[in-house]
Amino acid sequence: MKSPLDGLGKSLLDSVRDLLPILLVIGFFQLVVLQQPIPQLGRLVAGTLLVVAGLTLFVRGLEMGLFPIGEALAHAFARKGSLFWLLAFAFALGFGTTVAEPALIAVAGKAAEAAAEAGLIAREAAAMERYAGGLCLAVALSVGVAIVLGVIRILKGWPLHWLIVGGYAGVVIMTAFAPPEIVGIAYDSGGVTTSTITVPLVTALGVGLASSIRGRNPMVDGFGLIAFASLTPMIFVMAYGMVI
Amino acid sequence: MEFLVLVTDAVRSTLVDVLPILAVILFFQLVVIRRPLPNLRRMLQGTAYVLLGLALFLVGLEEALFPLGELMARQLTDPAFLHGVTHREGMALGWSDYYWVYLFGLLLGFSAAIAEPALIAVAIKAEVVSGGTINPWGLRIAVALGVGAGIALGTFRIVTGTPLHWYIIAAYVVVLAQTVFAPRAIIPLAYDSGGVSTSTVTVPLVTALGLGLAGTVPGRSVIIDGFGLIAFAVLFPIMTVMGYAQLGRWRARRAQR
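Note that this is a predicted model, so its numbers are computed, not measured. (Residues numbered from 1 in each chain as written. Chains lettered and ligands numbered in written order. Predicted model: local features only at pLDDT ≥ 70, side-chain atom pairs only at ≥ 80, totals over all residues. Heavy atoms only, no water.)

**Here we look at the domain arrangement of chain B**
Thought 1: Segmentation of chain B into domains returns domain 1 (1–60) and domain 2 (77–256).
Thought 2: Using only C-alpha atoms to locate each centre, domain 1 of chain B and domain 2 of chain B end up separated by 31 Å. (Domains from an automatic or database assignment.)

Quick look at the structure:
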């Protein structure tokens, strides 16, 4: 087993390189364009060191923990051969990782404000809370459905692009009927649902499934789960906006 | 000492966020699969690294980059700054007066995507799965260019107030056309890269930019026009990743001749 310190210097350097562009952009705009000093420089430096350390640990843990877990589960389900349990797992993973996602809760709160502004719901705290809660549930359901659909697609070997094209057509049609106030939030919700922990886990699951089923190519069939997870929330959120 | 409190708080909230995932995995592992996982200790150690790493990453972002990024988004969209740049006091601003905002959107989108841990993860996986034919840096730069271009166009849309869905539908048409011509093997990865690029780093910074811009441009509503930037950041990487693969194939063909 590798010692946790092996190659640490190189990983740290990689992390610094990953973060350099954003530091340069912020420094350039603050000093050259806005021509203002950087407030609380000490805090910025300390924060940046934490970010570098965190990113290094995360990338290291990814290859030791999240990727192997996703793949081990995929292989275990493939060996077990029970479609029901595999799909139940896919749904639970999609639903469970999304329903408590902080970014989603924040966006749902904003969406409730938008709906109240537009007069779709009453401008009361209780009504807005109910609306936001329902929206979170709709998005979580949509991600659960997305992972289930994506897993079925891997099992059957359907080409991804037909399903995505169909999904796009659905989005375009729904846009014509959904209340305009919800459209921007619906389009954004697709990007918000895919968190930093979910992405590696779901990717490893897809690649693991595709490589343990005969006749599937992990490159062509293994990727694509995240694509579903960023498409279905748009449809579900617009549907939610139409129903409420 | 203050940092220590922040870090323990962040570890606790990261744990709460991943609790549903852990519960799902544990349930299926213990109740359905009922077989020991290989290398369990190493996996647990790796998971601990991921959680601690993500917690530190988030504390650092919230301490350092987010406040500054949000402050800058507000300052850059401030009419006083824009008037100062164009030297036209008291005159209405046209869409072309916001060029610093577009440039900021482009560079912020690009650099935030490069720092995005989820994108790093997918790039590592793509290199392994493709047997090394996909270069992780090439993929990440292609995605980051897409995010940057998308955010820049998205800020232009907020300034001009043109309807979001026309941009999105036009982008779909381009994506469909590219799907027909791009190498088959890249398509799923390209579609995935849109959702991947919008996570921990990009979403808060970009949301702050959109809300700041919609709040200061006359005639825009924060609630209706402030959203939609993320949608651009999801769609444009799909195009650039397919474009990257098309470029690679074209160069390989030319080299053969």
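**Quick look at the interface of chain A and chain B**
Thought 1: Contacts between chain A and chain B engage 94 residues on the former and 95 residues on the latter.
Thought 2: Carbon and sulfur atoms supply 80% of the area buried between chain A and chain B, which totals about 8,600 Å² over both sides.
Thought 3: Taken as a group, M64, Y168 and M219 of chain A account for 8% of the area that chain A buries against chain B, more than any other trio of residues on that side.
Thought 4: Our enumeration of links across chain A and chain B arrives at three salt bridges.
Thought 5: In this structure, R43 of chain A and E63 of chain B form a salt bridge, with 2.9 Å as the shortest nitrogen-oxygen distance.
Thought 6: One can count 13 residue pairs in polar contact (both at pLDDT 80 or more) joining chain A with chain B.
Thought 7: Sorting elements by how many residues they give to the side of chain A that touches chain B places helix α2 (residues 41–80) of chain A first, with 30 residues.
Thought 8: Residues belonging to the side of chain A that touches chain B are distributed by class as follows: 62 nonpolar, 19 polar and 13 charged. (Contact = heavy atoms within 4.5 Å. Buried area = accessible area lost by both parts, 1.4 Å probe. Salt bridge = Lys/Arg side-chain N within 4 Å of Asp/Glu carboxyl O. Polar contact = N/O pair within 3.5 Å; in protein donor to acceptor, adjacent residues only side chain to side chain. Helix = DSSP H or I, 4+ residues; strand = E, 2+ residues; numbered from the N terminus. Nonpolar A, V, L, I, M, F, W, Y, C, P; charged D, E, K, R; others polar.)

**Concerning the packing of helix α10 (residues 225–243) of chain A against helix α8 (residues 187–196) of chain B**
Thought 1: Packing of α10 of chain A against α8 of chain B leaves a shortest axis separation of 7 Å and a crossing angle of 55 degrees. When the interaxial angle is binned, α10 of chain A and α8 of chain B end up oblique. You can see that α10 of chain A and α8 of chain B cross each other, and the crossing is left-handed. Every residue of α8 of chain B that contacts α10 of chain A at L225, I226, A227 and S230 of chain A is listed here: Y191, D192, G195 and V196 of chain B.
Thought 2: Here the residues of the contact of α10 of chain A with α8 of chain B are counted per class, giving five nonpolar, two polar and one charged. (Axes fitted to C-alpha atoms, helices over the stretch in contact; angles between N-to-C directions. Parallel < 35°, antiparallel > 145°, perpendicular 65-115°, else oblique. Left-handed = near helix turned anticlockwise from the far one by under 90°.)

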